[in-house]
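# Structural overview for review
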Amino acid sequence: MGLLDLLFAKNSSTDMNATKKEDNEAYKECEKELMLRKEDGQEIEYWCIDESRNERLPYDCFFEWELKMVEKAQNADNSLQGILDIILCARDYILHNQELQDANPLIEFNKNHAKVWINKLCSLAACGNIYAQAAIGGNYFDIRFPEILDIFNECGSNDREAYRKNVEAAAMRKNPEAMVAYAFFCLCDESQKEMREAINQEAGSLGSSEGYYQYFFSLENPWKSKEGLEIAFKIAECDDGPTAYDFQDRLGDAYYYGDAWGLDVDKEKGLYWYERAAANGNESAISTLKRLIN
């Protein structure tokens with residue numbers, strides 16, 4: 001065996017030992033948290049611990065609600081909904097801390113779990129995700145979840161102003177994603193509602209189903225009004241991703257069953273929208289067509 005082989009073998013052994021040590025420390029932390037939660041009277045769902053490890057989640061989950069929440073955050077994509085899944089995961093840990101007494105050691109565990117997802121958000125922002133940049137740079141946390149701002153500071157996120165300027169500049173260039181991100185995360189004050197709606201409408205007109213989707217839910221009766229139906233069609237016609245495909249499926253329901261907007265039953269139109277959604281991979285539409293055809 002040559003010198004390089006020996007060095008490589010030595011480094012590999014060292015790396016493996018370091019990894020094993022880290023795994024052991026992580027395991028000890030999980031066991032400590034489990035013990036503290038039991039002492040606190042919490043009813044542990046032990047199958048969630050096994051599932052957490054099978055799914056390679058960043059820490060053990062002890063309850064079904066927690067497992068589902070963390071899985072969503074772990075598997076979040078780069079969309080607005082994906083970023084919200086990450087944010088809401090962090091938020092829920094902080095909210096649970098508000099239910100604990102000040103001296104409860106579980107507070108630190110919940111805070112550390114929240115920090116995992118804020119770090120992920122910061123990492124996505126650093127990689128250029130416009131929604132993550134808007135979330136950090138906007139006033140979303142200041143208004144909705146100010147208790148999370150301290151965690152941002154601990155994570156070393158000092159790029160808020162730079163991110164906001166980047167999102168604003170991209171929105172000014174009429175980038176639809178940036179427009180939606182800016183409207184959602186930077187115009188959170190209720191006094192900015194009309195501006196938010198106008199930007200989302202414009203983003204929709206540029207082909208963003210997410211823009212129309214955000215505008216849709218600003219309507220008073222989106223599932224019943226004529227304007228709600230008009231926007232639903234516009235969302236579906238964008239044909240640009242899961243939001244559009246979901247509304248194609250919803251229009252299938254609306255026509256096939258006379259569901260929503262008071263539409264008359266028209267099975268032919270219903271099938272058209274189901275088939276269009278299914279062709280785009282919408283699982284609900286695929287399942288419905290299988291049932292209807294069989």
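Values in this document were obtained by computation on a predicted structure and should not be read as measured data.

## What to know about the environment of Asp253
Residue position: Asp253 is located in helix H14 (residues 242–256). Given the relative accessible area of 23%, Asp253 is considered partly exposed. Note: C-alpha distance between Asp253 and Trp273 (20 residues apart in sequence) is 8.5 Å. Among residues more than four places away in sequence, those in contact with Asp253 are Gly258, Asp259 and Tyr274. For Asp253, the side chain forms a polar contact with the side chain of Tyr274, separated by 2.4 Å.

## With respect to the nonpolar core
Formed by 55 residues in total, the largest nonpolar core has its most connected members in Leu121, Phe141 and Phe185. Among the elements that take part in this core, helix H4 (residues 80–97) stands out by supplying nine residues, more than any other. Every residue in contact with Phe185, bar those within four places of it in the chain, is listed here: Leu80, Ile83, Leu84, Ile87, Tyr131, Ala134, Ala135, Gly138, Asn139 and Tyr140.

## Observations concerning the environment of Phe247
On the secondary structure map, Phe247 appears in helix H14. For the pair Phe247 and Glu237, spaced 10 residues apart in sequence, the C-alpha to C-alpha distance is 9.1 Å. Excluding residues within four positions of it along the chain, Phe247 makes contact with Tyr213, Phe216, Trp223, Ala232, Ile235 and Ala236.

## Quick notes on the confidence of the model for the chain
Residues at a pLDDT of 70 or more form 91% of the chain, whose mean pLDDT is 90. For residues 1–10, every residue scores under 50 in pLDDT, and the model assigns this stretch one contact once sequence neighbours within four places are set aside.

## With respect to the packing of helix H3 (residues 64–74) against helix H5 (residues 106–126)
Relative orientation of the contacting elements H3 and H5 amounts to 20 degrees, with a least axis distance of 11 Å. Our classification of the angle between H3 and H5 gives roughly parallel. Between H3 and H5 lies a crossing of left-handed hand. Residues Glu66, Val70, Ala73 and Gln74 of H3 touch H5, and the partners they reach there are His113, Trp117 and Lys120. Looking at the contact of H3 with H5, its residues break down into three nonpolar, two polar and two charged.

## Things to note about H14
In this model, H14 (15 residues) spans 21 Å end to end at C-alpha, consistent with the 21 Å of a helix rising 1.5 Å per residue. Of all the 15 residues making up H14, 11 are buried; the element is thus mostly covered by neighbouring parts of the structure. For H14, every residue scored as buried is listed here: Thr243, Ala244, Tyr245, Phe247, Gln248, Asp249, Leu251, Gly252, Ala254, Tyr255 and Tyr256. In this structure, the buried side of H14 is in contact with helix H12 (209–216), helix H13 (226–238), helix H15 (267–279) and helix H16 (283–293). Where H14 terminates, the next one or two residues include Gly258, which has phi positive at roughly 70 degrees.

## Some remarks on the packing of helix H6 (residues 130–137) against helix H9 (residues 160–172)
Between H6 and H9, whose axes approach to 8 Å, the crossing angle comes to 125 degrees. Here H6 lies oblique to H9, going by the angle between them. Here H6 and H9 pass one another in a crossing that is left-handed. Together, Ile130, Gln133, Ala134, Ile136 and Gly137 of H6 and Arg160, Tyr163, Arg164, Asn166, Val167 and Ala170 of H9 make up the contact between the two elements.

## Comments concerning the layout of surface pockets
Of the voids in this model, the largest pocket is the one considered here, and its volume is about 630 Å³. Listed by contribution, the elements that provide at least two residues to the lining of the largest pocket are H4, helix H10 (176–186), H12 and H14. Partitioning the lining of the largest pocket into residue classes produces 10 nonpolar, nine polar and eight charged. When its volume is computed, the second largest pocket comes out at roughly 460 Å³. Around the second largest pocket, the lining is made up of 17 residues, and of these Ala26, Cys30, Pro58, Tyr59 and Asp60 lie nearest the centre. Mapped by element, the contributors of at least two residues to the lining of the second largest pocket are helix H1 (3–39), helix H2 (46–54) and H5. In terms of residue count, H1 provides more of the lining of the second largest pocket than any other element does, six residues in total. A per-class count over the lining of the second largest pocket returns eight nonpolar, three polar and six charged.

Definitions and limits used
- Residues numbered from 1 in each chain as written.
- Predicted model: local features only at pLDDT ≥ 70, side-chain atom pairs only at ≥ 80, totals over all residues.
- Heavy atoms only, no water.
- Helix = DSSP H or I, 4+ residues; strand = E, 2+ residues; numbered from the N terminus.
- Buried < 20%, exposed > 50% of the residue type's maximum accessible area, 1.4 Å probe, protein only.
- Contact = heavy atoms within 4.5 Å.
- Polar contact = N/O pair within 3.5 Å; in protein donor to acceptor, adjacent residues only side chain to side chain.
- Core = buried A, V, L, I, M, F, W, Y, C linked by side-chain atoms within 4.5 Å.
- pLDDT = per-residue confidence, 0-100.
- Axes fitted to C-alpha atoms, helices over the stretch in contact; angles between N-to-C directions.
- Parallel < 35°, antiparallel > 145°, perpendicular 65-115°, else oblique.
- Left-handed = near helix turned anticlockwise from the far one by under 90°.
- Nonpolar A, V, L, I, M, F, W, Y, C, P; charged D, E, K, R; others polar.
- Expected span 1.5 Å × (residues − 1).
- 1 Å grid on protein atoms, 1.4 Å probe; cavity = no way out; pocket = protein on both sides within 12 Å on 5 of 7 lines; lining within 4 Å.
- Points joined across faces, edges and corners; volume = space filled by probe spheres on them.

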